Structure formats: structure tokens, C-alpha cells
Amino acid sequence: MLVAFARYSRDGSFAVLGANLRFTAVMAAGSIGGALLGGVLVGVFSDLVLVPVLVVILLVSSVKLARHD
């Protein structure tokens, strides 16, 4: 990860993040919120419930991504 980060930093690939700061902030907040919620849910629900829910979420996301122009 450090090598990739260094390469992307060197060629200016992260400039798009600065140009889309609102999008970057929303994605970061969603990632942090999802990680926190997932951590809490692991203690409440069994993996027999959480794994199928995660599968559905990932399938819906992949279908939406595939349909995106």
C-alpha cells in the first residue's frame, strides 16, 4: 500500500480527490460509519445473518456499478 500511495502521489492521481472534496468527504464518512456499524453488529447478530446481508449489499452495489455509464 505504501508503494502504491507513493506512486499515485508522485503522478498527481490524488488531485481528483481535492477537486471532488465533497464526494471524498461523503465516501470517507460512509466508510467510517459502515466500519463502526459493522463492528457493533458483529456483537449483536450471528455470522449466519450478517454474511448473507453483506452478500446482498455487495451484489446490489456491483449491479449498480455495472449499469453506471
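Note that the coordinates shown come from a computational prediction; the quantities given were computed from them, not determined experimentally.

Asks: Please clarify how the packing of aromatic side chains should be interpreted in this entry.
Replies: For any pair of aromatic rings, geometry is given as the distance between the ring centres together with the angle between the planes. Evaluation of the coordinates by the stated rule reveals two aromatic pairs. Aromatic side chains Phe5 and Phe14 sit 5.2 Å apart centroid to centroid with 35° between the ring planes, which places their arrangement in the tilted category. When its relative accessible area of 32% is taken as the criterion, Phe14 is described as partly exposed. Between Tyr8 and Phe14 the ring centres are 6.2 Å apart and the planes differ by 75°, which places this aromatic pair in the edge-to-face class. Each residue in the set Phe5, Tyr8 and Phe14 is aromatic and connected to the rest through ring pairs, giving one cluster.

Calculation criteria
- Residues numbered from 1 in each chain as written.
- Predicted model: local features only at pLDDT ≥ 70, side-chain atom pairs only at ≥ 80, totals over all residues.
- Heavy atoms only, no water.
- Phe/Tyr/Trp six-rings, centres within 6.5 Å; stacked < 30°, edge-to-face > 60°.
- Buried < 20%, exposed > 50% of the residue type's maximum accessible area, 1.4 Å probe, protein only.

Geometric values such as these leave the question of function open.
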